[in-house]
Structures are given as structure tokens and as C-alpha cells.
Amino acid sequence: MDAHAHFASLARYNVWATARLLKAVETVSEPDYRRDVGLFFKSIHGTLNHLLVGEHMLWFRRFAEGVSPKVALDLEAEHDRDRLAQALKNGAAHWGPLMASWPAERFDGKLDYTTMKGVPVSLPFGSTLAHVFNHGTHHRGQITAALTALGHAGPELDFAYLLHEESTAEKPA
């Protein structure tokens with residue numbers, strides 16, 4: 001599989017998993033949604049905000065523009081849970097078109113950006129992009145565990161499940 005196809009799959013997974021997770025989170029009461037359930041960013045709300053800041057406000061800008069906005073990773077970027085959910089869905093949807101705009105050799109190159117402190121950084125492009133998607137998967141998994149601990153059904157977020165779902169949908173009935 002070439003880099004475009006590989007990262008296009010990760011972008012599809014990101015959109016799919018984000019939508020499934022947010023659908024499961026809709027059933028959580030407001031007190032449980034904001035309760036400290038032992039996640040690194042304490043609550044489901046805090047961890048979803050971290051995903052918004054990390055994936056979309058920080059890393060997306062680094063890949064798209066080569067800059068690091070001055071944002072803290074524990075920032076509560078959006079207090080309202082409905083607006084937060086919509087911002088996460090919109091953010092996830094932006095990765096695929098951005099990656100499709102890159103030439104194939106870009107994935108083997110470097111990601112050059114300037115940190116919040118003005119320091120230039122050069123990282124392996126493809127490995128760093130994979131890290132961003134792995135990071136989001138990690139936090140979605142934490143939220144799924146928190147849902148289970150709170151007595152809610154956790155959504156199936158496994159990449160293999162998505163591929164199975166896609167292959168089943170493509171077969172004629």
C-alpha cells in the first residue's frame with residue numbers, strides 16, 4: 001500500500017471512530033460527562049477537548065501551515081459539549097482532503113515547523129503523521145474505557161472492524 005492510500009485509510013478511520021465515539025458519548029449524563037474518571041485529562045469532556053486541541057488546533061496547523069499556534073494541550077477550547085462534538089467532527093473531516101493534496105514524496109520528507117517558542121523543528125513527516133493518528137486512537141480508547149466504567153456501552157473502534165464494515169458494505173446483497 002502506498003503512503004497516500006495508507007494515510008487515506010487512517011483519515012477515514014479518524015472520521016469514523018470520532019463519529020462512533022461521539023454518538024456513544026451523547027448518552028452520557030452531564031455529571032458523568034464532566035466527572036473526573038481518572039483520565040489523563042480527567043473527564044470525558046477534558047479528553048475530548050485535548051483531542052480538539054492536539055489533533056486539530058495544533059498538529060493540523062503544523063502540517064497545513066508549518067506553524068505551532070500558542071495553545072496549551074489542557075486548554076478547554078470548547079465548553080459546550082454539542083459545539084465540541086461538532087468541532088471534532090469538522091476537524092476530523094479536514095485531514096483527508098489535506099493529505100490528498102500532498103504529493104507522494106511528501107510522506108517520505110520532513111515536517112518543518114516553528115514551535116511556540118520560535119524554535120525551528122524538522123521531523124520525519126510520515127512517522128509524525130502516524131503519531132498524530134495513534135495519539136487520537138489512544139485517547140478515544142481511554143474515553144471508551146471511561147464509558148464502560150460508567151456503565152455505558154463502549155463503541156467498537158477497532159480499525160479491523162472498520163475495514164470489515166467497509167468490505168461488507170461493498171458486497172452486493
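Report follows, based on the coordinates.

The rules behind these values
- Residues numbered from 1 in each chain as written.
- Predicted model: local features only at pLDDT ≥ 70, side-chain atom pairs only at ≥ 80, totals over all residues.
- Heavy atoms only, no water.
- Phe/Tyr/Trp six-rings, centres within 6.5 Å; stacked < 30°, edge-to-face > 60°.
- Helix = DSSP H or I, 4+ residues; strand = E, 2+ residues; numbered from the N terminus.
- Buried < 20%, exposed > 50% of the residue type's maximum accessible area, 1.4 Å probe, protein only.
- Lys NZ or Arg CZ within 6 Å of the ring centre and 35° of its normal.
- Pairing = 2+ DSSP bridges.
- Contact = heavy atoms within 4.5 Å.
- Core = buried A, V, L, I, M, F, W, Y, C linked by side-chain atoms within 4.5 Å.
- Salt bridge = Lys/Arg side-chain N within 4 Å of Asp/Glu carboxyl O.

Evaluation of the coordinates by the stated rule reveals twelve aromatic pairs. Consider the rings of Tyr13 and Trp16, whose centres lie 5.8 Å apart with planes at 45°: the pair is tilted. Residue Tyr13 and its partner Trp16 are located together in helix H1 (residues 3-25), separated by three residues, close to a single helical turn. With respect to class, Tyr13 is no different from Trp16; both count as buried. An angle of 80° between the planes, with centres 6.0 Å apart, marks the rings of Phe107 and Phe125 as edge-to-face. On the criterion of sequence distance, the pair formed by Phe107 in the loop between helix H4 (81-100) and strand S1 (110-114) and Phe125 in helix H5 (residues 125-149) is long-range, its members being 18 residues apart. On the basis of relative accessible area, Phe125 is assigned to the buried category, the value being 0%. The ring of Trp59 has Arg62 lying over it, and the distance from NZ or CZ to the ring centre is 4.4 Å.

This part is about the environment of Asn90. Along the chain, Asn90 turns up in helix H4. In this structure the C-alpha to C-alpha distance between Asn90 and Phe125, which are 35 residues apart in sequence, comes to 23 Å.

Relative to strand S2 (residues 120-124), S1 is paired through five bridges, and the arrangement is antiparallel. Directly across from Leu111, in S2, lies its bridge partner Leu123. In this structure, the hairpin formed by S1 and S2 is closed by a connection of five residues, where Gly118 is found at a positive phi of approximately 85°.

Turning our eyes to something else, we now look at the environment of Val28. One can find Val28 in the loop between H1 and helix H2 (30-34). Note: C-alpha distance between Val28 and Ile44 (16 residues apart in sequence) is 9.6 Å. Among all residues touching Val28, those that are not within four sequence positions of it are Tyr33, Arg81, Leu147 and His152.

This brings us to the nonpolar core. Ranked by size, the top nonpolar core spans 23 residues in total, and within it Val25, Ile44, Leu48, Ile143 and Leu147 carry the most contacts. When residues of this core are traced back to their parent elements, those giving at least two are H1, helix H3 (44-65), H4 and H5. Tallying contributions element by element places H1 first for this core, with seven residues. Setting aside chain neighbours within four positions, we find Leu147 in contact with Leu21, Ala24, Val25, Val28, Ile44, His152, Ala153 and Pro155.

This structure, assessed with the given rule, holds six salt bridges. For Arg35, the salt bridge goes to Asp32, with nearest N and O atoms at 2.5 Å. Among the salt bridges present, the one from Arg83 reaches Glu78, with a minimum N-O distance of 3.2 Å. The class for Arg83 is exposed, based on a relative accessible area of 52%. Using a relative accessible area of 16% as the deciding quantity, one classes Glu78 as buried.

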